[in-house]
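Working through the structure, step by step
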Amino acid sequence: MTSTDVRKDAEDSGPSGYAAARLRLLTEGARSGPPRRSALSELTDDWLAGLFGAGGEELRGVSLVAVGGYGRGELSPRSDLDLLLLHDGGDPRAVAALADRLWYPVWDLGLALDHSVRTPAEARRTAGEDLKVQLGLLDARHLAGDPGLTAGLRTAVLADWRNQAPRRLPELQELCAERAERQGELQYLLEPDLKEARGGLRDATTLRAVAASWLADAPREGLDDARRRLLDVRDALHLTTGRATDRLALQEQDQVAAELGLLDADTLLRQVYEAARVISYASDVTWREVGRVLRSRAVRPRLRAMLGGGKPVAERSPLAEGVVEQDGEVVLARAARPERDPVLPLRAAAAAAQAGLPLSLHAVRRLAATVRPLPTPWPAEAREQLVTLLGSGQPTIEVWEALEAEGLITALLPDWERVRCRPQRNAVHIWTVDRHLIETAVRASEFTRRVSRPDLLLVAALLHDIGKGWPGDHSVAGEIIAKDVAARIGFDRTDVAVLATLVRHHLLLIETATRRDLEDPATVRSVADAVGSQGTLELLHALTEADALATGPAAWSSWRGSLVADLVKRVSAVLAGDVPEEPEAAAVTAEQERLAIEAVATGSPVLSLRAQTEPSADPADQPSGDPEPLGVELLIAVRDQPRVLPAVAGVLAMHRLTVRTAELRALELPSGVEGSVLLLDWRVAAEYGSLPQAARLRADLVRALDGSLDIAGRLAERDAAYPRRRGVVPPPPRVTVAPAASHLATVIEVRAQDAPGLLFRIGRALEDAGVRMRSAHVSTLGANAVDAFYVTGRSGRPLPGEEAAAVARKLEEMLRG
């Protein structure tokens, strides 16, 4: 069906005909994107024009005007109709009757309507008071009635906007910044708002308004395509949800991708991110130009007076060979010849980042258009400039984004293309893969004084997740890529091997420290074997912290830092030749002995709570010198009996206490004291507020052990009320046996969705399986629990292979059930 056919049906049948024609247009599989939006706008134009003239009388001095998105002809399936009924102040009754004749049919069809009735003077006055109204009127388009009235308003509004631009553009920029702070950046969000987030449709419209002011213009290349891509996604979102929404929720991404003919939700997000990145970069360049023009206007009269009316000459300050600063930006020197100087892009970028200045758009585009490719391997200067750029701290990000916007990064590092704009579907990560790599380099730049080879640290930070663009284990794939990249940029064989090791094992320290028993010599030896040298260990320690800090707030804490530091200290001792012996049972402390004797004497559990603190490694981090809390030590002594572990875990879950580590041991009591006692030494932290009183914990533990407290029922009630996001289904739990992780016990790893009482359920399952737990190492990353349990048989020895596999299988079945 052609556009003419659809419009004819609408004209022939009135509102019902418009509704039917609209439905056919939106369900036509052959038409989508700009053609469908234009056709929908034209169809709506004709219908509204018909309503406008339906009264039969000729109204002078009245016109119907489309504004905002409708004025631009960008109607999405569920878009509002933004309409202005413009009149010259004539017969108010006739205008009111016309308004009713227009608005009520729109409402009757269930269409969203944003409407107003104003004279031109009222419209201009409202625009002067309300920036949103002003922006909508910039896209005013005549629909019906007196075209001269509409044209007059358009001319006046544009003149007002241009005259008031020096005052209103800073106001508009501030509104954009406030909106970005509220909504976040579209190019990194897993559930972005396509309109309101920074880099979204609202910013694209803002760039049109800035261009209309004649003060500055946005870089045009790719901008229209980015806007079209976001509009296409919004159209598909409206059609799949049936709602007027701009929020691309997780549960709808697969359907939207299918509607657009894309492979999957990741492909969809990557396209959204690429479009948002174009708009964000254009916004940065445009607002920088606005600021430059406004500053120039402010100082020009004074300069002219000082120079006797002559034209002022912009000052140019040298920064590096071929690179100068001019008017707050980094530009190429007049004598620069990028076609003969392949290192110039890196030299200019490093100089800009070191100076904390942006690279000018003209400079970046000239470099991208004329620079020669670097030879392989890179000359030493190129490698040094890359390291300088990566070590410049926060300014690195803006400079890197400028290079990437013009394709210079992938020209220098072709493997970057696979991680560019790649989403990370992990609640812990707050950035896309490529931005996370740059954030890690920025964090690593803070630690360059801690290591002997800061260049290797910075390059490892840039490459540590480069394997995420390839199938399989990203650390394994990344090791191969890192070798190739390191050799290409000119590192020698020894340095290439170190970088490959850092990338291959960048998760080793954090995973071992939080999931393994550091008292077990096998744990420490395995890390020492993987790292190989003190220098690599030093680099890996700094990389681990930088990686975690660049991941998000859930990935690093003082507790995690203390565990990693402890592991590094132990591994360093092994690398220095101090080989640990198999540990002997730790001596019973006076407090432990007191608790054990009291537990035997009373026949009931006894416990104590004690805060654990450790001074900050960097005094600058703690100006007051106060120690930083690492959690609370919970000591429990109880007669040896079944179900101790699940009882304690259940009580702690009921009191909203998070378990970080847990150790169990049987105490040998002094002679003359009968009975055996289990001692549980756990580290816990309160989820909300302060810790419960020890007396309350003890009372509930007594009830849990004697069976009068229904922990499972209480936790089930909590679990039923636990907030879950609609439509988000977590991956199934996975339980595995870690091979050769310990000579003293079998290590069972559990990866599952974190929830209240998870440790209680695991402890009960392990008890049912007839195994004993020596210790537990509990780690939570966002919504994911990654726990390791050191278990033995009743004999105190590690489980045989088949038995260990059976225990893991039963535990996984329980968690999935």
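Analysis parameters
Residues numbered from 1 in each chain as written. Predicted model: local features only at pLDDT ≥ 70, side-chain atom pairs only at ≥ 80, totals over all residues. Heavy atoms only, no water. Helix = DSSP H or I, 4+ residues; strand = E, 2+ residues; numbered from the N terminus. Expected span 1.5 Å × (residues − 1). Bend = angle between axes of the 7 residues up to and from the residue. Polar contact = N/O pair within 3.5 Å; in protein donor to acceptor, adjacent residues only side chain to side chain. Core = buried A, V, L, I, M, F, W, Y, C linked by side-chain atoms within 4.5 Å. Buried < 20%, exposed > 50% of the residue type's maximum accessible area, 1.4 Å probe, protein only. Contact = heavy atoms within 4.5 Å. Phe/Tyr/Trp six-rings, centres within 6.5 Å; stacked < 30°, edge-to-face > 60°. Lys NZ or Arg CZ within 6 Å of the ring centre and 35° of its normal. Pairing = 2+ DSSP bridges. Axes fitted to C-alpha atoms, helices over the stretch in contact; angles between N-to-C directions. Parallel < 35°, antiparallel > 145°, perpendicular 65-115°, else oblique. Left-handed = near helix turned anticlockwise from the far one by under 90°. Nonpolar A, V, L, I, M, F, W, Y, C, P; charged D, E, K, R; others polar.

Across its 37 residues, helix α7 (residues 147-183) extends only 39 Å between first and last C-alpha, which sits more than 12% below the 54 Å expected from 1.5 Å per residue. Remark: the principal bend of α7, roughly 80 degrees, maps to Ala 165, with a proline, Pro 166, within the next four residues. Among the residues of α7, the N-terminal cap falls to Asp 146, whose side-chain oxygen and the backbone nitrogen of Gly 148 are separated by 3.0 Å. Following α7 by one or two positions, Gly 184 has its phi on the positive side, about 85 degrees.

Attention now moves to the nonpolar core. Across soluble globular proteins, nonpolar side chains have a tendency to be buried as a group. In terms of nonpolar packing, the biggest core is built from 93 residues, with Leu 359, Trp 378, Trp 400, Leu 413 and Trp 416 touching the most fellow members. Setting aside chain neighbours within four positions, we find Leu 359 in contact with Arg 288, Val 330, Ala 348, Ala 349, Ala 352, Val 364, Val 399 and Leu 403. The next biggest cluster of nonpolar side chains, apart from the first, holds 51 residues, and it includes Val 638, Leu 678, Val 750 and Leu 799.

Applying the stated criterion across every chain, the model contains 4 aromatic pairs. Seen from their ring centres, Tyr 18 and Trp 47 are 4.2 Å apart, and the 5 degrees between their planes marks the pair as stacked. Taken as a pair, Tyr 18 in helix α1 (residues 3-27) and Trp 47 in helix α2 (residues 33-52) lie far apart in primary sequence, 29 residues in all. Taking NZ or CZ as reference, Arg 141 lies 5.3 Å from the ring centre of Tyr 70, over its face. Sitting above the plane of the Trp 214 ring, Arg 162 keeps its charged end 3.7 Å from the centroid.

Reading across the sheet, the 4 strands line up as β3-β2-β1-β4 and stay open at both edges, with mixed pairing between neighbours. Where the open sheet ends on each side, the last strands, each with one partner, are β3 (113-118) and β4 (141-145). Each strand of the sheet is rotated relative to its neighbour by a mean of 25 degrees, with strand direction disregarded. Sheet topology note: the strand β1 (residues 62-66)/β4 ladder contains 4 bridges and is antiparallel.

With respect to topology, 3 strands assemble into an open sheet ordered β5-β6-β7, the strand pairing being antiparallel. In the strand order of this sheet, the two ends are held by β5 (316-320) and β7 (329-332), each with one partner. The mean angle between the axes of side-by-side strands here comes to 40 degrees, regardless of whether they run parallel or antiparallel. The sheet contact formed by β5 and strand β6 (residues 323-326) spans 4 bridges and is antiparallel. Bridge pairing links Arg 316 to Gln 326 in β6.

It is the contact of helix α12 (residues 344-355) with helix α14 (residues 380-390), at a shortest axis distance of 8 Å, that shows an interaxial angle of 30 degrees. If you check the angle between α12 and α14, you find them roughly parallel. Read as a crossing pair, α12 and α14 show a hand that is left-handed. Here α12 contributes Leu 346, Arg 347, Ala 349, Ala 350, Ala 353 and Gln 354 to the contact with α14, which in turn contributes Glu 381, Ala 382, Gln 385, Leu 386, Thr 388 and Leu 389. Within the contact of α12 with α14, the residues separate by chemical class into 7 nonpolar, 3 polar and 2 charged.

Attention now moves to the pairing of β6. The hairpin formed by β5 and β6 contains 2 residues between the paired strands, and Gly 322 there has a positive phi angle of roughly 80 degrees. Across 4 bridges, the pairing between β6 and β7 is antiparallel. Paired with Val 324 across the two strands is Val 331, which belongs to β7. Where β6 folds back onto β7 in an antiparallel hairpin, the turn is made up of 2 residues, including Asp 327, whose phi is positive at roughly 55 degrees.

Honestly, it's all geometry; don't read function into it.
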